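Each chain, written out:
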Amino acid sequence: MPPRPSNLIAIYPGSFDPVTNGHLDLIARGSKLVDRLIVAVLRNRAKDPLFSVAERLELIREVARDYSNVEVAAFDGLLADFAAAHGATMILRGIRAISDYEMEWQMALMNRRLQPGIETVFLTASEEYSFISAKLVKEVASLGGSVTGVVPAIVEERLKQRFALTGARK
Ligand code: PNS
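A brief structural summary. None of the values given here were measured: they were computed from a predicted structure.

## Focus on the layout of surface pockets
Looking at the largest pocket, its volume works out to about 1,000 Å³. Along the walls of the largest pocket sit 40 residues, with Pro13, Gly14, Ser15, His23 and Arg93 positioned nearest its centre. Those elements giving two or more residues to the lining of the largest pocket turn out to be β1 (9–14), α1 (21–31), β4 (90–95), α4 (98–114), β5 (119–124) and α5 (134–142). No other element matches the eight residues that α4 contributes to the lining of the largest pocket.

## Structural notes on the pattern of salt bridges
Applying the stated criterion across every chain, the model contains twelve salt bridges. Residue aspartate 25 pairs with arginine 29 through a salt bridge whose shortest N-O separation is 2.7 Å. Of the two residues, aspartate 25 and arginine 29 both sit in helix α1, four residues apart, roughly one turn of that helix. In this structure, the salt-bridge partner of arginine 158 is glutamate 58, at a minimum N-O distance of 2.7 Å.

## Focus: the pairing of β1
Burial within β1 is extensive, with six of its six residues counted as buried. Across the two faces of β1 the burial is the same, with Ile9, Ile11 and Pro13 and Ala10, Tyr12 and Gly14 all buried. Relative to strand β2 (residues 36–42), β1 runs parallel, the two sharing six bridges. Of the residues in β2, the one forming a bridge with glycine 14 is valine 41.

## What to know about the sheet that holds strand β3 (residues 70–75)
One open sheet holds the five strands; their spatial order is β3-β2-β1-β4-β5, and the pairing between them is parallel. This sheet does not close on itself; its edge strands, each paired only once, are β3 and β5. The average angle at which neighbouring strand axes cross in this sheet is 30 degrees, direction not considered. When β4 meets β5, the two strands line up parallel, connected through six bridges. Within β5, the position partnered with leucine 92 by the bridge is valine 121. Of the strands in this sheet, β2 and β3 are in contact with helix α2 (residues 53–63), which crosses β2 at around 155 degrees. Strand contacts of α4: β4 and β5, with the helix running at about 175 degrees to β4, the strand carrying the most contacts.

How each quantity is defined
- Just so you know, the residues in each chain are numbered from 1, in the order the chain's sequence is written.
- Note on the predicted model: pLDDT of at least 70 is required for a residue's local features to be given, and 80 or more for side-chain atom pairs to be given and counted; whole-chain, interface and lining totals, by contrast, use all residues.
- Note that the side-chain values use all heavy atoms of the structure and ignore hydrogens as well as water.
- A cavity here means a set of 1 Å grid points, computed over protein atoms only, where a 1.4 Å probe fits but cannot escape. A pocket is an open set with protein on both sides within 12 Å along at least 5 of 7 lines, and lining residues have an atom within 4 Å of a point.
- Grid points are joined across faces, edges and corners, and a volume is the space filled by probe spheres set on the points.
- Helix and strand definitions here come from DSSP, where helices need a minimum of 4 consecutive H or I residues and strands a minimum of 2 consecutive E residues; each element is numbered from the N-terminal end.
- Should a side-chain nitrogen of Lys or Arg be within 4 Å of a carboxyl oxygen of Asp or Glu, the pair is scored as a salt bridge.
- Here the term buried applies to any residue with accessible area under 20% of the maximum for its type, exposed to any over 50%, and partly exposed to those in between, with areas from a 1.4 Å probe on protein chains only.
- Note on pairing: two strands pair once DSSP finds at least 2 bridges between them.
- Only the stretch in contact is used when a helix axis is fitted, and all axes are lines through C-alpha atoms; the angle between N-to-C directions ranges over 0 to 180 degrees.
- When checking whether two residues touch, look at their non-hydrogen atoms; a contact exists if any pair is within 4.5 Å.

This is the structure in structure tokens:
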């Protein structure tokens, strides 16, 4: 059996549009399990994001600034390639409910096929955050509802500004 890497690097990938308290909870718990945790924001031109990649990186850096072993980066292309290029041996994902499982299972198996040396590790979301999704956060904020306690305060402020400026419905 190969030895456990002395510098255990994990990637926590996602869209993070925007980062929620559910994501932050996973960052906090994941950062305790590894030496370096790289939060990786997907540059996905196919989606129509509310926040630019630069804004999402800035917000994650701000809310995760207390975790000294957490870094934030953007990525293009295959997650498995990005993880391998960074020497990661773990992909971290959160599972909120059983409905998340099927997609996560498919991605985990595909990523393992692409990079057999990288394991996907699932953490269950904390119960107080297990209902949160970035999609729902954007919908509620766009319609003037409160997202206090669901996203970090700086994200709440940005959402208010964004919807006050554009009046856009996402
Ligand atoms: O926050 P999300 O939208 O659930 O994150 C999905 C993400 C970014 C993890 C997934 O779409 C992804 O890894 N995309 C990169 C492209 C890729 O590697 N696709 C094959 C996945 S098996």
